[in-house]
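Close look at the chain arrangement
Here's the letter readout for the chains.
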Amino acid sequence: MEQKRWELPPGRAEEGFEDKKPLFTLAEAVAESNRCLYCADAPCIKACPTAINIPEFIRKIGTGNVKGAARTILSANILGQSCAQACPVEVLCAGSCVYTGWGREPIAIGRLQRYAVENTLPKSPNLFQARPPTGKRVALVGSGPASIAAAGLLALEGHTCIIYERKQIPGGLNTLGIAPYKLKGPQALKELEWVLSLGRIELRTGVEVVEHATAPGQLAASELLSTHDAVFLGLGLGADSRLGVPGEEGPGVEGATHLIERLKVEPGFKLEGVKHALVVGGGNTALDIAHELALLGVQVSMVYRRSEKEMGGYVHELDAARLDGVRLVESRQPVEVVRKDGKVVAVKLAATREGKPVPGTEELVPTELVVMAIGQERATQVAKAFPGVELDSRGRVKVAAATHRTGHPKVWSGGDCVNGGKEVVNAVAEAKLAVADIQRHLVGE
Ligand SMILES: Cc1cc2nc3c(=O)[nH]c(=O)nc-3n(C[C@H](O)[C@H](O)[C@H](O)COP(=O)(O)OP(=O)(O)OC[C@H]3O[C@@H](n4cnc5c(N)ncnc54)[C@H](O)[C@@H]3O)c2cc1C
Ligand code: SF4
């Protein structure tokens, strides 16, 4: 199937970011693989949500079988390229490596994985062979990691897959959200193109699945159900949440994921007149945008309403952000964004008790930019357009844990819209469960 190529325009701010974990050379990869103890009951495998056979692929790298190593990785995790670069290995595989338990440097599993996959994919397009066509059609809503992984696996089973993506740039947060010092947009798109090349997968961008189609570029859920044998919902999350304080609306206050997306894809992106930024939040998205702004030369303070030890963000990410100049302000919360002639000039911060502002404790902190990183809305309303599909009290799509099937017998779901926002590797693991059940539904296997 002839597929369009997606390219990002040059002049993006993300191009200036250095890779924090660059591709190993051959000598580095061999030396690192030789440190692995090939543990019999390897804890690193248990810590990987996709259960990649880590000692097996590392052994293959050490014996010069790099293509075999890539096959081991990709047969367990079809997005092994982006996971190699984006996974928080410090709290997953490498965090469980026996060396970590001994207080020594763990095996650089992510970097070895990247070495195997990145050196294999462009040279070995036929690493996997799709089964003969089954004549079944599966629709996937959204083109983030959940849908891309599901489409790749379904295509290998011989099914025709059509991915519908409302944005013009595909890939979801893999292309538009991951910190550029880990994974840049073109790298995510290259992996996506490799998955598309596996079989009969068509990717239609600029198509939003809605309850009732009333405008061009919209497709009704009922039409999707009647024209496909199965539907997978990989909707992700929605827009950045707002705090609801005076002065918040207007220029100078940005949502974190929106700002990260601009930084990653907007040609000529610049923060005119911004010397200081105040990032509100304590999760990984807050840490990411704070760190990215610091690397762009901005003086960044991160304001969190509770204490450092209560932060949701990873300790290793906070340490790395601090090394690049990010300052953490604990137990404070903005109660007003102060503007002069419409421009943001300061934020009024109050001290907090149990996460709530204490009246009379306000102080003014000068800043030119405020970034809200306090969570994302849900993008799941459309799920209700599929009869039988339900949302839980937090707006997440309800699925059966073992199969990821929703309350509609033809609809499955996975990724952030189900788990509320985890990692790329979780989206892949959930897609695998859904695909196994879709396969049972379509061909009885
Ligand atoms: C700032 C940020 C940084 C992150 N960094 C990391 C990291 O370093 N490592 C890591 O492993 N994870 C990271 N994550 C998490 C990771 O990106 C997500 O877990 C993962 O992308 C989830 O994949 P998904 O397919 O479920 O959703 P998404 O990637 O959000 O994709 C959903 C797609 O569905 C589309 N869509 C939604 N509704 C419709 C509709 N009605 N019709 C058509 N299309 C629709 C959206 O436009 C989007 O493209 C990060 C997340 C954020 C926000
Ligand atoms: S736990 Fe560490 S040493 Fe053991 S197999 Fe895994 S990577 Fe190798």
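Cut-offs applied
- Residues numbered from 1 in each chain as written.
- Chains lettered and ligands numbered in written order.
- Predicted model: local features only at pLDDT ≥ 70, side-chain atom pairs only at ≥ 80, totals over all residues.
- Heavy atoms only, no water.
- Axes fitted to C-alpha atoms, helices over the stretch in contact; angles between N-to-C directions.
- Helix = DSSP H or I, 4+ residues; strand = E, 2+ residues; numbered from the N terminus.
- Parallel < 35°, antiparallel > 145°, perpendicular 65-115°, else oblique.
- Left-handed = near helix turned anticlockwise from the far one by under 90°.
- Contact = heavy atoms within 4.5 Å.
- Nonpolar A, V, L, I, M, F, W, Y, C, P; charged D, E, K, R; others polar.
- Near = heavy atom within 4 Å.
- Areas by Shrake-Rupley, 256 points an atom, 1.4 Å probe, with all protein chains shown as cover.
- Domains from an automatic or database assignment.
- Phe/Tyr/Trp six-rings, centres within 6.5 Å; stacked < 30°, edge-to-face > 60°.
- Buried < 20%, exposed > 50% of the residue type's maximum accessible area, 1.4 Å probe, protein only.
- Lys NZ or Arg CZ within 6 Å of the ring centre and 35° of its normal.
- Pairing = 2+ DSSP bridges.
- Buried area = accessible area lost by both parts, 1.4 Å probe.
- Salt bridge = Lys/Arg side-chain N within 4 Å of Asp/Glu carboxyl O.
- Polar contact = N/O pair within 3.5 Å; in protein donor to acceptor, adjacent residues only side chain to side chain.

1. Looking at the packing of helix H14 (residues 284-295) against helix H15 (residues 315-323)
Running from N to C, H14 and H15 point in directions that differ by 20°, and their axes come no closer than 9 Å. With respect to H15, the element H14 is oriented roughly parallel. Two packed elements cross with a definite hand, and for H14 against H15 that hand is left-handed. Taking contact as the criterion, the partners of Asn-284, Leu-287 and His-291 in H14 are, on H15, Glu-317, Leu-318, Ala-320 and Ala-321. Split into classes, the residues belonging to the contact of H14 with H15 amount to four nonpolar, two polar and one charged.

2. Points about the site of ligand 1
Near ligand 1 lie 34 residues; those nearest to it are Ala-86, Glu-165, Leu-173, Lys-182 and Asp-416. Look at ligand 1: alone it shows 990 Å² of surface, and the protein chains cover 95% of it. Looking at the shell around ligand 1, the elements with two or more residues in it are helix H9 (145-156), strand E2 (160-165), strand E4 (208-210), helix H13 (256-265), H14 and helix H17 (424-443). Along the lines of polarity and charge, the residues of the shell around ligand 1 split into 14 nonpolar, 11 polar and nine charged. Both domains that meet at the shell around ligand 1, namely domain 2 (137-236 + 379-443) and domain 3 (240-375), each give it at least three residues.

3. Re the packing of aromatic side chains
Counted by the stated rule, this structure contains three aromatic pairs. Ring centres of Phe-17 and Tyr-181 lie 6.5 Å apart, and the angle between their planes is 40°; this geometry places the pair in the tilted category. Separated by 164 residues along the polypeptide, Phe-17 in the segment before helix H1 (26-33) and Tyr-181 in the loop between helix H10 (173-176) and helix H11 (185-196) bring together distant segments of the chain. Tyr-181 matches Phe-17 in its accessibility class, with the two residues each being buried. Stacked on the ring of Tyr-181, the Lys or Arg Lys-20 has its end atom at 5.6 Å from the ring centre.

4. Digging into the sheet that holds strand E3 (residues 201-205)
Strand pairs in the sheet, formed through backbone hydrogen bonds, run parallel or antiparallel to each other. The strand order across the open sheet formed by five strands is E3-E2-E1-E6-E18, and the pairing between neighbours is parallel. The strands lining the two open edges of the sheet, one partner per strand, are E3 and strand E18 (411-413). Neighbour to neighbour, the strand axes of the sheet diverge by 20° on average, direction disregarded. Of the strand pairs in this sheet, strand E1 (residues 137-141) and strand E6 (residues 230-233) are connected by four bridges, and their pairing is parallel. Note on E6: the bridge partner recorded for Leu-140 is Phe-232. Contacts from H9 reach E1, E2, E3 and E6, with the element oriented near 170° to E1.

5. A few points about the domain arrangement of the protein
Domain parsing of the protein yields domain 1 (21-118), domain 2 (137-236 + 379-443) and domain 3 (240-375). Listed as interface residues are 14 residues of domain 2 and, on the opposing side, 11 residues of domain 3. Among the residues domain 2 hides against domain 3, the three largest losses belong to Leu-176, Pro-180 and Tyr-181. Together they make up 48% of the total. At the boundary of domain 2 with domain 3, the tally comes to two salt bridges. The closest approach of N and O atoms between Lys-182 and Glu-317, which form a salt bridge, is 3.0 Å. At the surface where domain 2 touches domain 3, the tally comes to six residue pairs in polar contact (both at pLDDT 80 or more). For the side of domain 2 that touches domain 3, the per-class residue count stands at seven nonpolar, three polar and four charged.

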